[in-house]
Amino acid sequence: MRNLLDFDFDSAHIWHPYTSMTHSLPVFGVHSAKGCELELVDGRKLVDGTSSWWACVHGYGHPEIISAMEKQLHQLSHVMFGGITHAPAITLCKKLIAMTCEPLTKVFLCDSGSIAVEVAIKMALQYWQGQEKPQKQRILTVKKGYHGDTFAAMSVCDPEGGMHTMFGEAVTKQCFADAPKTLFGEALHPDDLAQMRGILSTQHNEIAAVIIEPIMQGAGGMRFYSPEYLLGLRKLCDEFNVLLILDEIATGFGRTGKLFAYEHADITPDILCLGKALTGGYISLAATLCTDKVAQGISQSPAGVFMHGPTFMGNPLACSAACASLDIINRNKWRSQVAAIEQQMRLELRDAIAIPSVKDVRVLGAVGVLEMVAPVDTALLQQQFVDLGVWVRPFANLIYIMPPYIITPMQLSQLTAAMKQVAARIPLAGDIAPTQATTSFISHG
Ligand code: PMP
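Residues numbered from 1 in each chain as written. Predicted model: local features only at pLDDT ≥ 70, side-chain atom pairs only at ≥ 80, totals over all residues. Heavy atoms only, no water.

Attention now moves to the nonpolar core. Core analysis: the largest hydrophobic core is formed by 97 residues, its most contacted members being L92, F253, L370 and I399. Mapping this core onto the domain boundaries places at least three of its residues in each of domain 1 (2-61 + 333-441) and domain 2 (76-330). For L92, the contacting residues outside a window of four places in its chain are L109, L278, L285, C319, A322, C323 and L326. Counting residues in hydrophobic clusters, the runner-up holds 30 residues, among them A209, L243, I271 and F306. (Core = buried A, V, L, I, M, F, W, Y, C linked by side-chain atoms within 4.5 Å. Buried < 20%, exposed > 50% of the residue type's maximum accessible area, 1.4 Å probe, protein only. Domains from an automatic or database assignment. Contact = heavy atoms within 4.5 Å.)

Now the structure itself:
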């Protein structure tokens, strides 16, 4: 059946995320997808536990998104955004401004999550130039974060698990505090923000902004931390005159049980990055929002304009998909869907803690995580999951699911049962030799 697709060509010529062109890893050919299921070229159907890297929150083949995109495709699939505007971009930005917190009033539409982070960092740097503080150029963040694979984004990823050492001096040296220690639901450890305060009090003259993933550190370890930490961080940013950038690329649009994760802490950022679920995962699009204050500051910078403008900025087809996706989100069904997923995962995953290879079990919103005592063999486990009829892609020492919100209880049970079954087969730490897929640097794959 494998000859249905030219897998040999694929492995000889096509790069997949975080792979080698000389030692290829197995890939599965997907023919189509519907609802929560991927259909392989050999006809097997897999329940999707990943929402295609956390983006396809409404599932696949959603008629509303398809019809919006079809209509847009015939009318205007792309046009340059320099000197031109169009209805899909205006409608989308109105929706984004209405859905996000009040101070965010300006929207920059870009291509992907990593670029949204680049844009956010450039905004912060230009803002301070406009305030005649051009020395404020460094970014402060926490360890175990992940913000993307482009250079500025890499510079704020976890310095130990990220790609800093690999690319050496080419990656800007930023400031890092320890990852938040206080977990979601715990009372704030008294010293949790002490290091942040220390760095800010001595280096605030050089620091343009703090960037952090609110509440959930995703690809850096699937850790859920305390809203009180986030609130404390917002206060520190105000105290030391530093901007706060929230990266909601993974958490935005309901994933943690709130529309945006910053709502857990009841705070507002100066700059907000969105991506992934923005289009329901149908096409690449991201957005960086900022406040009036930030926009004014940028206009006062020597350039007088914000220095970014990608070719596909504001792509009408992508904007039409995002408008349809946000209409679905705005009907609010996701609230009960995510709450039900959370409740079911809590019930069905809690006994996984008895499995010897499992170190921790945690659930927040529509995110269910088994942290293992040792890194897992991604390729081996992926095959085992496929054999069990599900699509789950572990990384590092994490077996996790972030399913589409429309998943049925039966499909979710299939996922949680498979997670436990696969975890139970894993020998204890030290007994396995990690493959290439389990290299230690961060990769959300
Ligand atoms: N920020 C966060 C929090 C992410 O989870 C990711 C992707 N996993 C990114 C940024 C980068 O997004 P993209 O892969 O679309 O460039």
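The next subject is the pairing of strand β5 (residues 138-142). For β5, the tally of buried residues reaches four of five residues, placing the bulk of the element in the interior. Sheet topology note: the β5/strand β7 (residues 207-212) ladder contains three bridges and is parallel. The residue of β7 that forms the bridge with L140 is V210. Where β5 and strand β6 (residues 175-177) come together, three bridges link them in parallel fashion. The residue of β6 that forms the bridge with T141 is F176. (Helix = DSSP H or I, 4+ residues; strand = E, 2+ residues; numbered from the N terminus. Pairing = 2+ DSSP bridges.)

Pairs can form between side chains of opposite charge once their charged atoms are near each other. Using the criterion set out here, one finds 15 salt bridges in the structure. Of the charged contacts, one joins E160 and K143 as a salt bridge, the two residues approaching to 3.9 Å between their closest N and O atoms. Of this pair, E160 sits in the loop between α6 (151-155) and α7 (164-167) while K143 sits in the loop between β5 and α6, and the two are 17 residues apart along the sequence. What makes E160 exposed here is its relative accessible area of 61%. The salt bridge involving R362 is made with E371; its shortest N-O contact spans 2.6 Å. Assessed through its relative accessible area of 14%, E371 is described here as buried. Taken together, the salt bridges that share partners define one network made up of K359, D360, R362 and E371. (Salt bridge = Lys/Arg side-chain N within 4 Å of Asp/Glu carboxyl O.)

On to the sheet that holds strand β13 (residues 358-364). Pairing is antiparallel in the open sheet, where three strands are placed in the order β13-β14-β16. The two strands at the open ends of the sheet, each matched to only one other strand, are β13 and β16 (398-401). Sheet twist, expressed as the average angle between the axes of neighbouring strands with direction ignored, equals 10°. Running over the sheet, helix α12 (residues 333-349) touches β13, β14 (367-372) and β16 and is turned about 160° from β13. (Axes fitted to C-alpha atoms, helices over the stretch in contact; angles between N-to-C directions.)

Another point: the layout of surface pockets. The volume enclosed by the largest pocket comes to roughly 870 Å³. Contributing to the lining of the largest pocket are 34 residues, with H16, P17, V27, F28 and W391 lying nearest its centre. Where the lining of the largest pocket is concerned, the elements lending two or more residues are α1 (7-13), β1 (30-34), β2 (37-40), α2 (51-54) and α13 (378-387). Here the lining of the largest pocket takes four residues from α1, the largest share from any one element. Class assignment of the residues belonging to the lining of the largest pocket gives a composition of 19 nonpolar, nine polar and six charged. (1 Å grid on protein atoms, 1.4 Å probe; cavity = no way out; pocket = protein on both sides within 12 Å on 5 of 7 lines; lining within 4 Å. Points joined across faces, edges and corners; volume = space filled by probe spheres on them. Nonpolar A, V, L, I, M, F, W, Y, C, P; charged D, E, K, R; others polar.)

The alternating pattern of β2 places L38 and L40 on a buried face and E37 and E39 on a face that is not buried. The turn linking β1 back onto β2 is made up of two residues, and G35 within it adopts a positive phi angle of 60°. Alignment of β2 against strand β3 (residues 45-48), held across three bridges, turns out to be antiparallel. If you follow E39 over to β3, its bridge partner there is K45. What sits between β2 and β3 in their antiparallel hairpin is a turn of four residues, with G43 showing a positive phi close to 95°.

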